[in-house]
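Summary of structural features
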Amino acid sequence: VATSLLSKAVNSCLKIAAFGLAVQIIGDTQKYVAKKCGGEATLVTGGLYRYLRHPNYTGELVLWTFSSLAGILAASAQKMTPRLALLASGSVLGSLGIAFILALAATGLEKRQYERYGQLPAYTSWVQGSIPGLLLPKKKPAAESDPSKKEALSSSEDIMKPRISNELEVEEGL
């Protein structure tokens, strides 16, 4: 009975991993098609992007997490040896490393999208109605951690404000 339950758990993890792969592939394909048709400056908000701001990263995170979990569950049915323990540990560390890389990529993309599209109502609406996925925590501004940097921060705020570029103004005028 325990082996049957474990087998079902491993199979469930593999199905969820396959679902993650499908989300990743569909997200990448939708983004490719939207940017190919609308140009590189296109903000993709349809399809899976309507619900997930980064379906490709989210799908990949699901893929790696549940593949790793399936491997650990399958290994747990075996006699634990030092080699098996090392492999299981490597699987967990690998998944954590990939999760960090994907969160770093999604966090960077969030920042670039805000800088490029932050002034557009469609962007604001999309951000409010979609799930960002795994992101790294926001850094505190330098002024919060060191009062002597507050003046330098406020003088640089004008430079950091998102602006509508000439390209967007031309596109809006068409």
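The rules behind each value
- Residues numbered from 1 in each chain as written.
- Predicted model: local features only at pLDDT ≥ 70, side-chain atom pairs only at ≥ 80, totals over all residues.
- Heavy atoms only, no water.
- Helix = DSSP H or I, 4+ residues; strand = E, 2+ residues; numbered from the N terminus.
- Contact = heavy atoms within 4.5 Å.
- Areas by Shrake-Rupley, 256 points an atom, 1.4 Å probe, with all protein chains shown as cover.
- Core = buried A, V, L, I, M, F, W, Y, C linked by side-chain atoms within 4.5 Å.
- Buried < 20%, exposed > 50% of the residue type's maximum accessible area, 1.4 Å probe, protein only.
- Expected span 1.5 Å × (residues − 1).
- Salt bridge = Lys/Arg side-chain N within 4 Å of Asp/Glu carboxyl O.
- Axes fitted to C-alpha atoms, helices over the stretch in contact; angles between N-to-C directions.
- Parallel < 35°, antiparallel > 145°, perpendicular 65-115°, else oblique.
- Left-handed = near helix turned anticlockwise from the far one by under 90°.
- Nonpolar A, V, L, I, M, F, W, Y, C, P; charged D, E, K, R; others polar.
- Patch = residues over 30% accessible without salt bridge, like charges linked within 9 Å, V, L, I, M, F, W, Y side chains within 5 Å.

Turning to the overall build of the protein, a few remarks are in order. When its secondary structure is counted, the protein shows 7 helices and 0 strands. For the protein, the α and β elements follow one another from N to C terminus as α-α-α-α-α-α-α. In the protein, of all internal contacts separated by at least 6 residues, the share reaching a separation of at least 24 is 74%. Just so you have it, the protein exposes about 11900 Å², and 65% of that area is on carbon and sulfur atoms.

Judged by nonpolar contacts, Leu 43, Val 44, Tyr 49, Tyr 117, Leu 120, Tyr 123 and Trp 126 together constitute the single largest core of 7 residues. Among all residues touching Leu 43, those that are not within four sequence positions of it are Gln 113, Tyr 117, Tyr 123 and Trp 126.

As for its position among the elements, Pro 55 is in helix α2 (residues 55-76). Accessibility expressed as a relative area gives 0% for Pro 55, which makes it buried. Taking the C-alpha atoms as reference points, Pro 55 and Ile 131, separated by 76 residues in sequence, lie 9.3 Å from one another. When sequence neighbours within four positions are dropped, the list of residues in contact with Pro 55 reads Val 23, Gln 24, Gly 27, Leu 48 and Tyr 49.

Before going further, it helps to spend a moment on the environment of Lys 138. Along the polypeptide, Lys 138 turns up in the loop between α4 (121-129) and α5 (142-145). Taking relative accessible area as the criterion, Lys 138 reaches 81% and is therefore assigned exposed. Sequence separation between Lys 138 and Thr 107 is 31 residues, and the spatial gap between their C-alpha atoms is 8.8 Å.

Here helix α3 (residues 82-117) is 36 residues long and its end C-alpha atoms lie 52 Å apart, about the 52 Å a rise of 1.5 Å per residue gives. Among the residues making up α3, those that are buried are Leu 84, Ala 88, Ser 95, Ala 99, Leu 102, Ala 103, Ala 106, Leu 109, Glu 110, Gln 113 and Tyr 117.

Time to look at the side chain of Ser 68. Looking at the element boundaries, Ser 68 is found in helix α2. If near-sequence neighbours (up to four positions away) are discounted, Ser 68 is found in contact with Ser 91, Val 92 and Ser 95.

Here the structure, examined in full by the defined rule, presents 1 salt bridge. For the salt bridge of Glu 110 with Arg 53, the shortest nitrogen-to-oxygen distance reads 2.8 Å. Of the two residues, Glu 110 sits in helix α3 while Arg 53 sits in the loop between α1 (2-38) and α2, which places them 57 residues apart along the sequence. Assigned by exposure class, Glu 110 and Arg 53 land together as buried.

A few words now on the packing of α1 against α2. Look at α1 against α2: their axes get within 7 Å of each other, and the N-to-C directions meet at 160 degrees. The angle between α1 and α2 places the two elements in the roughly antiparallel class. For α1 against α2, the interelement crossing comes out left-handed. Residue classes in the contact of α1 with α2 are distributed as 17 nonpolar, 7 polar and 2 charged.

Further remarks concern a nonpolar patch on the surface. Judged by side-chain polarity, Val 92, Leu 93 and Leu 96 come together as a nonpolar surface patch covering roughly 290 Å² of accessible area. Among the structural elements, Val 92 can be located in helix α3. Classification of Val 92 as partly exposed rests on a relative accessible area of 36%.

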